[in-house]
Each structure stands twice: as structure tokens, then as C-alpha cells.
Amino acid sequence: MDIRVQKTKKAIADAFLRMTGKKPIEKITVTDIVTEAQINKSTFYAHYRDIYDLMDALSNDAISSVVSAMHYLANMFETCMMHFPFVKMITSSPLAVAI
């Protein structure tokens, strides 16, 4: 993704999240977001249909991040379990104290 697009989407997302701290989601308007993000409405609409489309994109990104983290943790756990007998052996060895 183009770095300019990434920066714009981040500015929009950050502005939206800041706005959620100021007023209820149902009261937030595109004008609020673009003012906070310091962009034009046309820029917002170039990336999202409306606030609900933005919320869907943010939700999907959050879910993807959580799923990726879960896969990482599962792989780490599998690796630990695969090497557990070896780790147990070397840590319980009298030589482990010398290391």
C-alpha cells in the first residue's frame, strides 16, 4: 500500500478514535473526523463510504491483529513443547549449575 494512503488511513483512524473519547459513536460525523484529521471530506470518501465502513475496516484490522497474535503465540507454545524434554534435561543436569 502506498505510504501516503497508509498515513491518510492512520490519520482518519486516529481522528475517529480520538472522537470516540469526546462523544458517543452515533453522534460522530464525517465532518468531525475530517476536521480532527485535518483532511478534506473528499479524501475521507476516497477511502470509506461512510463512518460505518470506517468502523468495519477498523474492526477487521483489529480482528486480524488479534488472530495474528494468537497464531504467533500458538506457534511459540508448540515450539516450547517440542523442545521441552531437552530444556528439562539441561536445566535439571548438574552441569546446568555450572552454566
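As shown above, the structure is provided for reference.
This section reports on the structure supplied with the text.

What counts, and where the lines are drawn
- Residues numbered from 1 in each chain as written.
- Predicted model: local features only at pLDDT ≥ 70, side-chain atom pairs only at ≥ 80, totals over all residues.
- Heavy atoms only, no water.
- Phe/Tyr/Trp six-rings, centres within 6.5 Å; stacked < 30°, edge-to-face > 60°.
- Buried < 20%, exposed > 50% of the residue type's maximum accessible area, 1.4 Å probe, protein only.
- Helix = DSSP H or I, 4+ residues; strand = E, 2+ residues; numbered from the N terminus.
- Core = buried A, V, L, I, M, F, W, Y, C linked by side-chain atoms within 4.5 Å.
- Contact = heavy atoms within 4.5 Å.
- Polar contact = N/O pair within 3.5 Å; in protein donor to acceptor, adjacent residues only side chain to side chain.

**Focus on the packing of aromatic side chains**
The description of two aromatic rings rests on the distance between their centres and on the angle between their planes.
Okay, step 1: Counted according to the given criterion, the structure contains 2 aromatic pairs.
Okay, step 2: Plain terms: the ring middles of Phe44 and Tyr45 are 5.3 Å apart, the flat faces sit at 90 degrees to each other, and that makes the pair edge-to-face.
Okay, step 3: Look at Phe44 and you get buried, because its relative accessible area is 0%.
Okay, step 4: For the pair Phe44 and Tyr48, a centre-to-centre distance of 5.6 Å together with 45 degrees between the ring planes defines the contact as tilted. A single burial state applies to Phe44 and to Tyr48, both of which are buried.
Okay, step 5: An aromatic cluster is present here, built from Phe44, Tyr45 and Tyr48 joined pairwise through their rings.

**A look at unusual backbone geometry**
Okay, step 1: Located in the positive-phi region is Gln38, a residue other than glycine, with phi close to 60 degrees.
Okay, step 2: Inspection of the secondary structure assignment puts Gln38 in the loop between α2 (30-37) and α3 (41-47).
Okay, step 3: Residue class for Gln38 comes out exposed when judged on its relative accessible area of 75%.

**A few points about the nonpolar core**
As a rule of thumb, nonpolar side chains are buried together in soluble globular proteins.
Okay, step 1: Judged by nonpolar contacts, the single largest core of 14 residues is most densely connected at Ile12, Ile33, Phe44 and Leu54.
Okay, step 2: Those elements that provide at least two residues to this core are α1 (3-20), α2 and α4 (51-92).
Okay, step 3: Setting aside its immediate chain neighbours within four residues, Phe44 contacts Ile12, Val30, Ile33, Val34, Ile39, Asp50, Ile51 and Leu54.

**A look at the side chain of Asp53**
Okay, step 1: Within the secondary structure, Asp53 is located in helix α4.
Okay, step 2: Side-chain polar atoms of Asp53 contact the backbone nitrogen of Arg49, separated by 2.9 Å.
Okay, step 3: When neighbours within four sequence positions are excluded, Asp53 is seen to be in contact with His47 and Tyr48.

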